[in-house]
Structure formats: structure tokens, C-alpha cells
Amino acid sequence: MVYGLGKRLQEQRLLKNLSQKEVAGSVGVSASIISNYESSERTPSVEILMALARLYHCSTDYLLGFDKEEKDKSLDVSMLTNEQIKLLQHFLHSISQS
């Protein structure tokens, strides 16, 4: 088991206000498996680890302990239309050139 992985998985789940059952349904395993991951009894496969990172909007490096702090590097744009996303990208590009 990767040291601290279970704690970081649980921390991220709680930050997102998700139950183990909700996480399990999102990544395609049982709630007891999520419990085993969080208690460090089992280690998730690479595919499941990637799915958990996507769900929690964090990096696999953070979950594995390579990044000691997860800085919120992502922006959830799932509620935006494609046009709004393009406008946001244009805006971000324009301010990064300043």
C-alpha cells in the first residue's frame, strides 16, 4: 500500500461530500472496496486510481503522495455550454498574456 493513500482518498471524498456508495458507483466498484482503499487494506488499480482522481478533481500525484498539497488546479466547467467554455478560454488566454 502507498503510504497515506487511504487517508488522502478519504479526505478528498469528504471534501466533495460524497458517500462511499456514491464514489463506488462512479468508479464501478463496491462500497466495501472503497472502504478497503480508504482503510489502506487494498490498493486501487491504476485505472481506478485515475477514475478517483478525475472524480475528486485532483492529480494522481497528489493521491499517491508526490504532491504534498493539492492546489486546486482545475476548474469545473461541466455546467457551461461549449460557447461559454470558448469564451472563458479566450478570457484566460488574454489575461495570461498581460
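Residues numbered from 1 in each chain as written. Predicted model: local features only at pLDDT ≥ 70, side-chain atom pairs only at ≥ 80, totals over all residues. Heavy atoms only, no water.

Explain the pattern of salt bridges to me, please; I cannot follow it from the model alone.
Side-chain pairs of opposite charge can arise whenever the charged atoms involved come near each other. As enumerated under the stated definition, the model contains one salt bridge in all. For E38, the salt bridge is made with R13, and the minimal N-O distance between the two is 2.6 Å. In this pair, E38 is assigned in helix α3 (residues 31–38) and R13 in helix α1 (residues 5–15), connecting sequence segments 25 residues apart. Of the two residues, E38 and R13, both sit in the buried class. (Salt bridge = Lys/Arg side-chain N within 4 Å of Asp/Glu carboxyl O. Helix = DSSP H or I, 4+ residues; strand = E, 2+ residues; numbered from the N terminus. Buried < 20%, exposed > 50% of the residue type's maximum accessible area, 1.4 Å probe, protein only.)

Help me out: how do you make sense of the environment of E41 in this one?
Positionally, E41 belongs in the loop between α3 and α4 (46–56). The exposure class assigned to E41 is exposed, which follows from its relative accessible area of 60%. For the pair E41 and G6, spaced 35 residues apart in sequence, the C-alpha to C-alpha distance is 8.5 Å. Side-chain polar atoms of E41 contact the side chain of S39, separated by 3.2 Å. (Polar contact = N/O pair within 3.5 Å; in protein donor to acceptor, adjacent residues only side chain to side chain.)

Is there a simple way to think about helix α2 (residues 20–27) in this case?
Given 3.6 residues to a turn, an α-helix orients residues that are three or four positions apart in the same direction. Along α2, the residues that are buried comprise V23, A24 and V27. Buried residues along α2 cover an arc of 100 degrees about the axis, so they all sit on one side. Turned more than 90 degrees away from the buried face of α2, the exposed residues are K21, G25 and S26. On its buried face, α2 is in contact with α1, α3 and α4. (Arc of directions from axis to C-beta. Contact = heavy atoms within 4.5 Å.)

Keep in mind these values describe shape, not function.
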